[in-house]
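These are the residues of each chain, in order.
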Amino acid sequence: FGCHSVFFAGMASKLSCSELVVIVENGGVQVKRRSPVLGADSAPTAKQYLLAHERGAYTTCRTIAHTNILLLSTHITRLSQSICVIRSDLIGPESPPENRALFTPEALRAPVLHTIQLGLRAWFHALGKAPASTSTKTEDDIRIYILLSVEEQAGTLRPVIFTFMEPLTPLGPSLATTGCIVEVPGAPPRHHASAKDSGWVRDRLPLEQNKTPDAEEVLLQTEEGAITEGLSSNFFVVMRNGHLRTANEGVLSGTVRQIVLHACEHKKIPVDFRPPVLSERADWAEAFITSTSRLVMPVRLIRVLASSQLAEPYEIVFPSNGPVVPQLSELVRQRMISGHAEAVWKDPQEKAAVFADLTDSACLEFGGK
C-alpha cells in the first residue's frame, strides 16, 4: 500500500465479503468487520458514518466488475455541484475564483479516484483475492459512499474526502419480480433537492423510522399530491398510454434514473417529465423506483397514508406482470455493464501491479489491534 497506513480492526479470523467495511480518511485506510454485536471495533453502518461527520456533499456509487464505477464522472460532477450549493458561503458564485477552482469536477477527479483506489486495494487485500477482470454478478459489487467537505484554515480552503465501502446486497428474488411496497405519508419535497447533502440523511430519519417494516421506500409529495421522489430513490409510473412519467424538477436525478432515460430514448418510449399526481392514479399501469442499490425495482403497492392533507388512507395496487418495468430493468442491467462503467485504473499494468501479490485462491488472516 505504499506510504499509506492500513489498520485492520478486530480481525482474528478470515474475512468474507458480506462482513467487510473499508473506510478511507486523510490517506489512512481502516478495514473493519461488520458484526451483529456492536463493539468498539465493530464497523459502523453507512448512515452512522455519514451522521458522524460534518455536513457536506455526498454521493453513492457502485462497482461493476470490481474495479469499474458506474457513471463515475457523473458522481464527481454531482459532488462538485452539491458542495457549491451547500457551502455557497465559501465557494458560491460570489466567492473568489481561486476557491471555486478547488472544487470543480476536474480538480476533484484525481483525489476522488485516489481514495477509491486506496479503498479497493484494501478491500481485495482483506479478502485475499484479486479483483475479477470481468464480472456481471451483482452480489460481487461494492457500494461506495463518498463524502466531500470543505476545510478552512487561515483563510485557505481545501477539499476533504471521506470514503466508506461496504458490500452491495443484491435484490431478493421476490422484490425483483413481484415488486416492493412504498408509502406516501404526506411528507413534503426537500429543499435544494438537486444537491446531495449529507444533512438530508439526518433530516429524513423520522420518516425512515416511522415507515412500516414491510415498506421499502417513502415517497415525497407536494400539497397538490404530485409525487416527486423517494427518500433515496427516483420514482416513475408507466401510464396506460405507454408513456413514462417522472418528476424532472425539485428532485435529485440519480445515476440509474439517467440510464433508464437513455434506455427509453433507445427504445423510443415517450417520457413525460412531470411528477405523477395521485388524483390521476387511475391512469397508472405500472410503477417503479430506481437507485444505485435497487437499480430498477418494481412497485406492487403504494400505501397513501392519512395525513394533514388526507383524511382517509387508500392503496394503489399494481400487477406483478406488467410488460414495461421488466423490460426496462433488463435494459438497465445490460447498459450499465456495457457502456456506463468507468475504470478506476485506466492503465491495466498499474492495476495488475496493485494486485500482483493476490490470486483468486489466496486467503489472508489478520490479527487484532
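You'll find the structure just up there.
Residues numbered from 1 in each chain as written. Predicted model: local features only at pLDDT ≥ 70, side-chain atom pairs only at ≥ 80, totals over all residues. Heavy atoms only, no water.

In terms of burial, strand β9 (residues 217-221) is a largely internal element, five of the five residues being buried. What you see with β9 is no split at all: Glu217, Leu219 and Gln221 on one side and Val218 and Leu220 on the other are buried throughout. As defined by bridge partners, strand β8 (residues 180-184) adjoins β9 across two bridges and the pair is classed as parallel. The residue of β9 that forms the bridge with valine 182 is glutamate 217. Summarising the sheet, β9 and strand β10 (residues 227-230) pair through two bridges and their orientation is antiparallel. Paired with glutamine 221 across the two strands is isoleucine 227, which belongs to β10. (Buried < 20%, exposed > 50% of the residue type's maximum accessible area, 1.4 Å probe, protein only. Helix = DSSP H or I, 4+ residues; strand = E, 2+ residues; numbered from the N terminus. Pairing = 2+ DSSP bridges.)

Below, the discussion takes up unusual backbone geometry. In this structure, asparagine 26 takes a positive phi of about 50 degrees despite not being glycine. Examined against the element boundaries, asparagine 26 turns out to sit in the loop between β2 (20-25) and β3 (28-33). Phi is positive for alanine 154, close to 55 degrees, though the residue is something other than glycine. With respect to the element layout, alanine 154 can be found in the loop between β6 (142-153) and β7 (156-167).

Here we take up the nonpolar core. Counting residues in hydrophobic clusters, the biggest one holds 41 residues, and the most contacted among them are Val22 and Ile116. Contributions of two or more residues to this core are made by β2, β3, β4 (57-64), α2 (72-86), α3 (88-91), α5 (105-127), β6 and β7. Those residues in contact with valine 22 that lie beyond four places of it in its chain are Val29, Gln30, Val31, Gly119, Ala122, Trp123, Thr163, Phe164 and Met165. Counting 22 residues, the second-largest nonpolar core is a separate cluster that includes Leu70, Leu244, Cys264 and Phe288. (Core = buried A, V, L, I, M, F, W, Y, C linked by side-chain atoms within 4.5 Å. Contact = heavy atoms within 4.5 Å.)

What follows is about the layout of surface pockets. As a volume, the largest pocket reaches approximately 900 Å³. Taken together, 40 residues make up the lining of the largest pocket; nearest its centre are Arg143, Tyr145, Ser232, Ser293 and Arg294. Tallied by class, residues from the lining of the largest pocket come to 13 nonpolar, 13 polar and 14 charged. (1 Å grid on protein atoms, 1.4 Å probe; cavity = no way out; pocket = protein on both sides within 12 Å on 5 of 7 lines; lining within 4 Å. Points joined across faces, edges and corners; volume = space filled by probe spheres on them. Nonpolar A, V, L, I, M, F, W, Y, C, P; charged D, E, K, R; others polar.)

Of note, serine 198 is situated in the loop between β8 and α7 (199-203). Beyond its immediate stretch of four places on either side in the chain, serine 198 contacts Glu54, Arg55, Gly56, Tyr58 and Leu147.

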